[in-house]
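Understanding the architecture of this molecule
Chain residues, written in single-letter form:
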Amino acid sequence: MERAIKFLKQNGIESFEQAGILVVPVSSVVEMYKMISTVKSLLKECGYEKSWRIDPYYYENKSKEIADFKNIFDE
């Protein structure tokens, strides 16, 4: 998986491992649809055959988690 993450990064795509799944975060559903074939092609090119997903909700959820965390300390 580390090899796939590095390969995607070399091709300008952010990704990370989460619970054994390669995750490619995107900022919107529109961006997700534009990236699916590119990511699929790059993963095939580097020989990655394990589970992966493109997550359009990562940034939305992450920003909510950060806001919730900040609220804990503001109280």
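The preceding data block contains the structure.
Residues numbered from 1 in each chain as written. Predicted model: local features only at pLDDT ≥ 70, side-chain atom pairs only at ≥ 80, totals over all residues. Heavy atoms only, no water.

Right, let's get into the pairing of strand S2 (residues 21–25). With respect to burial, S2 is a largely interior element, four of its five residues being buried. Note that strand S1 (residues 16–18) and S2 share three bridges and pair antiparallel. Bridged to Glu-17 within S2 is Leu-22. Taken together, the four bridges between S2 and strand S3 (residues 52–55) define a ladder with parallel strand orientation. Across the sheet, residue Leu-22 finds its bridge partner in S3, namely Trp-52. At this point the chain moves from S2, through helix H2 (residues 29–46), to the parallel S3, and the crossover so formed is right-handed. (Buried < 20%, exposed > 50% of the residue type's maximum accessible area, 1.4 Å probe, protein only. Helix = DSSP H or I, 4+ residues; strand = E, 2+ residues; numbered from the N terminus. Pairing = 2+ DSSP bridges. Right-handed = clockwise from strand over helix to strand, strands pointing away.)

To continue, consider unusual backbone geometry. What you tend to see is this: most non-glycine residues have negative phi, and most peptide bonds are trans. Although it is not a glycine, Ala-19 adopts a positive phi angle of roughly 55°. Here Ala-19 is to be found in the loop between S1 and S2. According to the relative accessible area criterion, Ala-19 is exposed, its value standing at 74%.

In short, shape yes, function no, at least from these values alone.
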